[in-house]
Amino acid sequence: QAQLVESGGGLVQAGGSLRLSCAASWSTFNGYAMGWFRQAPGKEREFVAAVTWSGGTTYYADSVKGRFTISRDNTKNTVYLQMSSLKSEDTAVYYCARKGVSGATMGLGAYDYWGQGTQVTVSS
């Protein structure tokens, strides 16, 4: 059974940084692109960032470009989201997800397995 476990969320002041981690089983992780999404209260889940299997290509939502960095360590079956210059509008539950073999990288429908999420709260 596919399993994705996020960690690293918490409360941080505006302008601060956090690093989220998402650990997966080998069978879930191996060979797949991975992504991060977030969902704020009362809003739809939205794309944040994605990285290809090799790590050579990354994708970002315009709202986080230049502030967030996605990376992965394939030896540890883990994907990371380094978040800097955090703003109050970054407050949300953050989810990692595995991208399936087809579909648009920034589209929710392209992702077939999801973690339970980790809360990030940015205080202003």
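Remember, it's a predicted structure, so these values are computed and weren't measured experimentally.

1. Considering the overall build of the chain
Right, so step 1: The number of helices and strands found in the chain is one helix and eleven strands.
Right, so step 2: The C-alpha radius of gyration computed for the chain amounts to 13 Å, which stays within 12% of the reference 14 Å derived for 124 residues, consistent with globular compactness.
Right, so step 3: The dimensions of the chain, computed from C-alpha atoms along their principal axes, are 40 × 25 × 25 Å.
Right, so step 4: Burial status across the chain gives 42% buried among its 124 residues.
Right, so step 5: Sequence-distant contacts in the chain: of pairs separated by 6 or more residues, those separated by 24 or more amount to 56%.
Right, so step 6: Surface summary for the chain: the accessible area is close to 6,200 Å², and the carbon and sulfur share equals 47%.
Right, so step 7: Averaging the coordinates of the 11 positive side-chain charges in the chain and doing the same for the 8 negative ones gives two points 4 Å apart.

2. As for the environment of Phe 47
Right, so step 1: Within the element layout of this structure, Phe 47 appears in strand E5 (residues 46–51).
Right, so step 2: The spatial distance from the C-alpha of Phe 47 to the C-alpha of Gly 15 is 21 Å, given a sequence separation of 32 residues.

3. So, the packing of aromatic side chains
Right, so step 1: Scanning all chains against the criterion turns up five aromatic pairs.
Right, so step 2: Summarising the aromatic geometry, the rings of Phe 37 and Trp 114 are spaced 4.9 Å apart at their centres and angled 55° between planes, so their arrangement reads as tilted. Here Phe 37 is found in strand E4 (residues 34–39), whereas its partner Trp 114 is found in strand E10 (residues 111–114), with 77 residues between them in sequence.
Right, so step 3: With relative accessibility at 0%, the residue Phe 37 sits in the buried group.
Right, so step 4: Pairing Tyr 111 with Trp 114 gives two aromatic rings, centres 6.2 Å apart and planes at 55°, and the pair type is tilted.
Right, so step 5: These aromatic residues form a ring-pair network of at least three members: Phe 37, Phe 47, Tyr 111 and Trp 114.
Right, so step 6: In this structure, Arg 45 is placed above the aromatic ring of Tyr 95, and the distance from its NZ or CZ to the ring centre is 3.7 Å.
Right, so step 7: Above the ring of Trp 114, the side-chain terminus of Arg 45 is found at 4.9 Å from the ring centroid.

4. Digging into the pattern of salt bridges
Pairing is possible between side chains of opposite charge, provided their charged atoms come close.
Right, so step 1: Counting across every chain of the model gives five salt bridges.
Right, so step 2: Across the pair Asp 90 and Arg 38 runs a salt bridge whose closest N-O atoms are separated by 2.9 Å. A residue pair is termed long-range when its members are at least 10 positions apart, and Asp 90 in the loop between strand E8 (78–83) and strand E9 (92–99) and Arg 38 in strand E4 qualify at 52 residues.
Right, so step 3: Residue class for Asp 90 comes out buried when judged on its relative accessible area of 0%.
Right, so step 4: Exposure remark for Arg 38: the relative accessible area of 6% places this residue in the buried category.
Right, so step 5: Between Arg 67 and Asp 90 there is a salt bridge, with the nearest N and O atoms lying 2.7 Å from each other. With Arg 67 in the loop between strand E6 (58–60) and strand E7 (68–73) and Asp 90 in the loop between E8 and E9, the pair connects residues that are 23 residues apart, well separated along the chain. With respect to burial, Arg 67 and Asp 90 carry one shared label: buried.

5. Let's talk about the nonpolar core
Right, so step 1: Among the nonpolar cores identified, the biggest contains 33 residues, and Trp 36, Leu 81, Met 83 and Tyr 94 are the most heavily contacted of them.
Right, so step 2: Elements represented by at least two residues in this core include exactly strand E3 (18–24), E4, E5, E7, E8, E9 and strand E11 (118–123).
Right, so step 3: By residue number, the principal contributor to this core is E5, which donates five residues.
Right, so step 4: What Leu 81 contacts, discounting residues up to four positions off in sequence, is Leu 18, Arg 19, Leu 20, Trp 36, Val 48, Ala 49, Phe 68, Thr 69, Ile 70 and Tyr 94.

Thresholds applied
Residues numbered from 1 in each chain as written. Predicted model: local features only at pLDDT ≥ 70, side-chain atom pairs only at ≥ 80, totals over all residues. Heavy atoms only, no water. Helix = DSSP H or I, 4+ residues; strand = E, 2+ residues; numbered from the N terminus. Rg over C-alpha atoms; globule rule 2.2 N^0.38 Å. Buried < 20%, exposed > 50% of the residue type's maximum accessible area, 1.4 Å probe, protein only. Contact = heavy atoms within 4.5 Å. Areas by Shrake-Rupley, 256 points an atom, 1.4 Å probe, with all protein chains shown as cover. Lys, Arg positive; Asp, Glu negative; His and termini not counted. Charge placed at Lys NZ, Arg CZ, Asp CG, Glu CD. Phe/Tyr/Trp six-rings, centres within 6.5 Å; stacked < 30°, edge-to-face > 60°. Lys NZ or Arg CZ within 6 Å of the ring centre and 35° of its normal. Salt bridge = Lys/Arg side-chain N within 4 Å of Asp/Glu carboxyl O. Core = buried A, V, L, I, M, F, W, Y, C linked by side-chain atoms within 4.5 Å.

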